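Commentary on secondary and tertiary structure
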Amino acid sequence: MTLTPAPPSPATAPASRPAAQRSDPLGQALAQLEATAAHLQLPQGLHQLLATPRREMTVSVPLRRDDGEVEVLVGHRVQHNFSRGPAKGGLRYHPAVDLDEVRALAMWMTWKCALVQLPYGGAKGGVAIDPKAYSVGERERLTRRLTSELMPILGPDRDVPAPDIGTDEQTMAWIMDTFSVAAGHTVPGIVTGKPLSVGGSLGRATATSQGVVHCVRAVLEEHGRDVEGSTAAVQGFGKVGLHAARILHAAGARVVAVSDQLGAVRAEAGLDVPALVAHAAQAGTVAGFPGGEDATGDDVLFAEVDVLVPAAVEGVVHEGNAERVRARFVVEGANGPTTTGADEMLADRGVVVVPDILANAGGVVVSYFEWVQANQAYWWTEAEIEDRLEQRMRSAYAEVAAHAAEHRLTLRGSALAISVARVAEAHTTRGLYP
Ligand code: GLU
C-alpha cells in the first residue's frame, strides 16, 4: 500500500499556509485515509463519510486580560466520528492551531481509539494561543468560558476532552468544575487527565510515554534487539518526550540526544536523564545542561541512533529532510510527526516507523481507564493500570505487526487498515439513518 498524498477534496482543502511551514496535517490525514479506503475497497460514500467531520463547533471566546482589556479568541472542537462511542480527544493551546489542524487531529483520534479497542470516536479541540503569554488567571478564564461555549456538545456520553499540547491537569480541573457547576453536580467523567484529587487516574500523567516505550520494546524485540543497550534520540521534552526519555533511560537505553523548543543537548556516552530533567525544570530548557554538549534540533532528528522518538508537533520529518534520518526505528510519540511523503522515503530505506495512532495511544488508553473508574466511582491500583496498559499496547502492536506482515503493509498502513475497517464496520452495522 502506498500513502501517496492526494489532493484533498475542495470541501476540506487546507487553507493556504506559508511555504516555510511545511506541515499540512489535514492533507496528510486525508491522504492516509484515501490510501486506506482504496486498500479496503471502501465504497466512495463511506470514504467520504469518514473524510468528513461529523460535527464541528467554532466559538468566540472573549477573555478579560489582567490589564482589563478584552481579547476575543477563537476556539474549535471537532468531533470527527462517534460511531463507536463518545468522541474523545485532547484540547490544544498552541499558536499553530487552526480548524484544519484540529480536523486532522480529531480524525487521528478516531483511528487511534478504534485501533486500541476503546469504545470511543475521535475529537480534538484547540485555541490558537501561546499559553506562556497568558497568566494562570487568564488561562483559567479562557478555559472556563471555552467550556461554557462548548457545553452543548460536551459530556461524559458525548465528548470527553483531555490534555494535549499547552494544556494540563489543571486545565482539565477547570473544565470539570465549569461543567459540573452548570450541571448542578460533580461530573468527573467529563474530562480525563484530571488531577488525582478530583478523580484522576494513577498512571495517567506518564501513560503516553509508557505506551511509547512499550512500542519501542516491541519493535526492537521483533527485530531481535533489546531496549537495554540501544541508543535513542528524543525530539521534544514536554509531557511525552520527557517521560519517554526518562523511562528509556531507566530501561537501560542510552539516550544520546534530546531537544525542546528552545534548544538541544547531546552526549555520545548517554545523557543522565534524571539530572537533565532536574536541569530543565530549573532552566526551562534542556539547553545548557552541563552533562552534555549543546546541540541543534537537527542533531537530534538526524542522530545516528537505533530509535528516534519525535514527541513534539506534526510534520517534523518531511520530504525535504527524511533522507537525513539515521535512526533505524522511528516511534511516533507526537501526532503526525512524519508526512506521508517522508513515510514512503523512510519505508524505502528500511526505516521502520511505529505510527502515532499506535505508538502514542497509551495516553488515551489510560484516559479510558480514568473514565471507566470515574463513571463507576471505583479506583484501581497503579499496578493494575500499568499492567492493563501494557497488555493493550502489546496486543495492539502484535496485531498491527501481524497484519502488516500478512498483507505486506507498513506498520502505519496496517494500523490504519485495522482501525478504519473497525470504524467502517461500526458505521455499516448501525446503518444509515433515515
Ligand atoms: N491528547 C492525547 C492524544 O493525542 C490524549 C487524548 C485523550 O486522552 O483523550 O492522544
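Attention here is on the structure that accompanies the text.

Parameters and conventions
- Residues numbered from 1 in each chain as written.
- Predicted model: local features only at pLDDT ≥ 70, side-chain atom pairs only at ≥ 80, totals over all residues.
- Heavy atoms only, no water.
- Helix = DSSP H or I, 4+ residues; strand = E, 2+ residues; numbered from the N terminus.
- Contact = heavy atoms within 4.5 Å.
- Areas by Shrake-Rupley, 256 points an atom, 1.4 Å probe, with all protein chains shown as cover.
- Lys, Arg positive; Asp, Glu negative; His and termini not counted.
- Charge placed at Lys NZ, Arg CZ, Asp CG, Glu CD.
- Expected span 1.5 Å × (residues − 1).
- Polar contact = N/O pair within 3.5 Å; in protein donor to acceptor, adjacent residues only side chain to side chain.
- Pairing = 2+ DSSP bridges.
- Axes fitted to C-alpha atoms, helices over the stretch in contact; angles between N-to-C directions.
- Core = buried A, V, L, I, M, F, W, Y, C linked by side-chain atoms within 4.5 Å.
- Buried < 20%, exposed > 50% of the residue type's maximum accessible area, 1.4 Å probe, protein only.

**What to know about the overall build of the chain**
A count of helices and strands for the chain gives 14 helices and twelve strands. Viewed in the frame of its principal axes, the chain has a C-alpha envelope of about 55 × 55 × 50 Å. The contacts in the chain between residues at least 6 apart in sequence include a share of 68% that link residues at least 24 apart. Roughly 17,300 Å² of accessible area belongs to the chain as shown, and the carbon and sulfur atoms make up 51% of that amount. Of the charged side chains in the chain, 38 are positive and 50 negative, and the gap between their average positions amounts to 4 Å.

**Re helix α5 (residues 169-183)**
In this model α5 runs 21 Å from its N-terminal to its C-terminal C-alpha over 15 residues, within 8% of the 21 Å that 1.5 Å per residue would give. Along its buried surface, α5 packs onto β3 (87-93), α4 (136-150) and β5 (159-163). The N-terminus of α5 is capped by D168, whose side-chain oxygen sits 3.1 Å from the backbone nitrogen of Q170. Taken from the residues just after α5, G184 is the one with a positive phi, measuring 90°.

**Describing the sheet that holds strand β10 (residues 307-310)**
The seven strands are arranged β9-β8-β7-β6-β10-β11-β12 in an open sheet whose pairing can be described as mixed. Since the sheet does not close on itself, it has two edges, and those belong to β9 (293-295) and β12 (352-354), each with one partner. Each strand axis lies, on average, 25° off the axis of its neighbour in the sheet, ignoring direction. Where helix α6 (residues 207-222) meets the sheet, its contacts fall on β10, β11 (329-331) and β12, and the angle it forms with β11 comes to roughly 155°. Along the sheet, helix α7 (residues 239-250) makes contact with β6 (231-235), β7 (254-259) and β10, crossing β6 at roughly 170°.

**Digging into the nonpolar core**
Counting residues in hydrophobic clusters, the biggest one holds 87 residues, and the most contacted among them are L50, W111, F237, L248, V258, V331 and V354. With nine residues, the single largest contributor to this core is helix α3 (residues 99-115). In terms of nonpolar packing, the next biggest core, distinct from the first, is built from 21 residues, V256, A264, V325 and A342 among them.

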